[in-house]
Amino acid sequence: MLSIAIVDDEQVHRDILTKYIEEWKAKERLEAEVETFASGEAFYFAWSGEQRYDVLFLDIMMGATDGISLARRLREQGRKLDIIFTTGIADYMQEGYEVEAMHYLLKPLSKEKVWECLDKCLMRREEDAEWILLPTEEGLVKTDVSKILYGEAVGHYCVLECMGERLQLKLGMKELAKKLEGRGDFLFCHRSYLVNLRRVSKVGRQDIVMEGGALVPVSRRMYNEVNDRFIRAFVGPGLTE
């Protein structure tokens, strides 16, 4: 499932883009969440908390934080994010290339051009996805490793919570951990739970908050290791010592 953000200080442009994206979703029969922001500051606050967005439609000419400045801050953090600039002025194309913007759309926006950008984003996601085959009652299911939130032991088998789907697997937690080894940043936070650190929003003393708000218990014995790994994954080594 794609997570799409729209940042524009004008309500009319946010509404138009939202309408075009909803129509694209219906046409492609895809799941995608769309969230709108009236300022770069509001988006950056949300981004800093979860970094869950895949596509960003970003207006260049805004208030205190213009689109180019915001894009530079996002790129400094290094996470992949498809940035599509939207503006009524064609004077910023060079700056757009400098921050590796995927496209540059001039207002008034064309529905066809917006759809072309979304198609390209979807294609890039498919190409970049790391797929894994997992056994379920219905047979083997192909799953994108990056979309996995956590696994939970249920009896002799386990349940895998992913973005947009829930899978009842026909394998135990140790088998799941072995299959995911070397494919991401997975860690046991509890004897019955395996979490994807790249999808963690916050680590508390008793619970881990995942993207989307789900709570996963963390054992007292494993808290220090989980918290240290979480900080190192997003901030870097040397800052937790």
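In short, a report on the structure. (Residues numbered from 1 in each chain as written. Predicted model: local features only at pLDDT ≥ 70, side-chain atom pairs only at ≥ 80, totals over all residues. Heavy atoms only, no water.)

### Quick look at the side chain of Asp 82
Mapped onto the elements, Asp 82 comes out in strand β4 (residues 82–87). Engagement of the side chain of Asp 82 in a polar contact is seen with the side chain of Arg 124, the distance being 3.4 Å. In this structure, Asp 82 is in contact with Asp 54, Val 55, Leu 56, Met 102, Cys 121, Arg 124 and Arg 125, ignoring residues within four places of it in sequence. (Helix = DSSP H or I, 4+ residues; strand = E, 2+ residues; numbered from the N terminus. Polar contact = N/O pair within 3.5 Å; in protein donor to acceptor, adjacent residues only side chain to side chain. Contact = heavy atoms within 4.5 Å.)

### Some words on the environment of Arg 125
Positionally, Arg 125 belongs in helix α5 (residues 111–128). The exposure class of Arg 125 is buried, given its relative accessible area of 17%. Distance from Arg 125 to Asp 82, taken between C-alpha atoms, is 9.7 Å for residues 43 residues apart in sequence. Residue contacts for Arg 125: discarding those within four places in its chain leaves Leu 2, Asp 54, Lys 80, Leu 81 and Asp 82. (Buried < 20%, exposed > 50% of the residue type's maximum accessible area, 1.4 Å probe, protein only.)

### Observations regarding the sheet that holds strand β15 (residues 215–217)
A sheet is described by the order of its strands in space; here 3 strands give the open sequence β13-β14-β15, paired in antiparallel fashion. Where the open sheet ends on each side, the last strands, each with one partner, are β13 (200–203) and β15. Neighbouring strand axes in the sheet, compared pairwise and without regard to direction, differ in orientation by 25 degrees on average. Of the pairings in the sheet, the one linking strand β14 (residues 207–210) to β15 comprises 3 bridges and is antiparallel in character. Each residue of the ladder has a partner; that of Ile 208, found in β15, is Val 216. (Pairing = 2+ DSSP bridges. Axes fitted to C-alpha atoms, helices over the stretch in contact; angles between N-to-C directions.)

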